[in-house]
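Examining the three-dimensional arrangement
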Amino acid sequence: MNIKHFFTQRINLLIILISSLMMVVVLNLPFKAKPFGDITFHEEAKHLALYLKGDIGYEKVMITKAPGPVFFYTPAYLVAPSDATDNQLWVYGVVFTFITITISLLLIFKIGSNLFSKEVGLLSVLLFFIFPIHCYYSLGILAEVPAFFSLTLALYGWSKITQNATKKTGWILLTLGIWFLILNRPNTMLLLMIGFLVI
């Protein structure tokens, strides 16, 4: 077995294990994020999921803020039963955000590894565990987790481009990440425009 591959697998398992433990710790803290944020994303994702299941009419489906979080939480709500309570939907949403956060941390390790070294990638992830704000925000139906995942996906695509600019995978991931980041946080368009001007 390749030593580098074995090392990477062990790091990935370590990230998943520590992330799971941190989630349990944060879940049991006396202070938590508001479970449904300002309720908007939860209600709109719930209505979209119910519409896709055929349980309500299209007139109840609306998106009043950023569409990204609504699209992000809808798949989790689609898996839930149609008669699920808000608290049950919250559990489905939190499990989904925890999986997404863990995938994001694995991607951060890969970003650091691609741009610098595996040691830098590991250090990057460990810094997230020192102050686990990502676990805190994953306990609410909020825009933070989908925005975090979007930015991580974009940066991972960029790290792939720096390795090989001719491969399409990096460009696709970068484009999808930026696009979904804008859907989650429309105000990031201003930062992107400033970034393009600087580049």
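In this text, all values refer to a predicted model and were calculated from it rather than measured experimentally.

The rules we used
- Residues numbered from 1 in each chain as written.
- Predicted model: local features only at pLDDT ≥ 70, side-chain atom pairs only at ≥ 80, totals over all residues.
- Heavy atoms only, no water.
- Helix = DSSP H or I, 4+ residues; strand = E, 2+ residues; numbered from the N terminus.
- Buried < 20%, exposed > 50% of the residue type's maximum accessible area, 1.4 Å probe, protein only.
- Contact = heavy atoms within 4.5 Å.
- Areas by Shrake-Rupley, 256 points an atom, 1.4 Å probe, with all protein chains shown as cover.
- Axes fitted to C-alpha atoms, helices over the stretch in contact; angles between N-to-C directions.
- Parallel < 35°, antiparallel > 145°, perpendicular 65-115°, else oblique.
- Nonpolar A, V, L, I, M, F, W, Y, C, P; charged D, E, K, R; others polar.
- pLDDT = per-residue confidence, 0-100.
- Phe/Tyr/Trp six-rings, centres within 6.5 Å; stacked < 30°, edge-to-face > 60°.
- Patch = residues over 30% accessible without salt bridge, like charges linked within 9 Å, V, L, I, M, F, W, Y side chains within 5 Å.
- Salt bridge = Lys/Arg side-chain N within 4 Å of Asp/Glu carboxyl O.

Counting its regular elements, the protein chain contains nine helices and zero strands. Dimensions along the principal axes, computed over C-alpha positions, put the protein chain at roughly 50 × 40 × 30 Å. Out of the 199 residues belonging to the protein chain, those deemed buried represent 41%. In the protein chain, once contacts between residues fewer than 6 apart in sequence are set aside, the share between residues at least 24 apart is 71%. Split by element, the accessible area of the protein chain, about 11500 Å² in all, is 72% carbon and sulfur.

For S20, the location among the structural elements is in helix α1 (residues 3-27). Distance in space between the C-alpha atoms of S20 and L142 is 20 Å, their sequence separation being 122 residues.

Before going further, it helps to spend a moment on the side chain of S159. Within the element layout of this structure, S159 appears in helix α7 (residues 144-163). With residues up to four places along the chain from it excluded, the contact list for S159 reads I111, N114 and L115.

You will see that I39, though not glycine, has its phi angle at about 75°, which is positive. I39 gets classed as partly exposed once you look at its relative accessible area, which sits at 37%.

Before going further, it helps to examine the packing of helix α3 (residues 67-79) against helix α8 (residues 168-184). Look at α3 against α8: their axes get within 5 Å of each other, and the N-to-C directions meet at 105°. Accordingly, the angle class assigned to the pair α3 and α8 is roughly perpendicular. Between α3, through P67, G68, P69 and F72, and α8, the contact on the second element is made entirely by F180, L183 and N184. Class assignment for the residues of the contact of α3 with α8 results in five nonpolar, two polar and no charged.

Right, let's get into the confidence of the model for the protein chain. The pLDDT averaged across the protein chain works out to 91; a share of 96% of its residues lies at or above 70. At the low end of the mean pLDDT range in the protein chain sits helix α9 (residues 188-198), at 76; at the high end sits α3, at 97.

On to the packing of aromatic side chains. This structure, assessed with the given rule, holds four aromatic pairs. Note on F72 and Y73: the rings are 4.9 Å apart at their centroids and 90° apart in plane angle, and the pair reads as edge-to-face. Judged by centre distance (5.3 Å) and plane angle (75°), the rings of Y136 and Y137 are edge-to-face. Among the residues examined, Y137 registers a relative accessible area of 30% and is labelled partly exposed. Among the aromatic side chains, those forming a connected cluster through ring pairs are F72, Y73 and F96.

Right, let's talk about a nonpolar patch on the surface for a bit. On the surface, L123, L127, I130, F131 and I133 cluster together to form a nonpolar patch covering roughly 540 Å² of accessible area. A per-element tally of the nonpolar patch places helix α5 (residues 118-130) first, with three residues. Mapped onto the fold, I133 is located in helix α6 (residues 133-137). For I133, a relative accessible area of 35% gives the class partly exposed.

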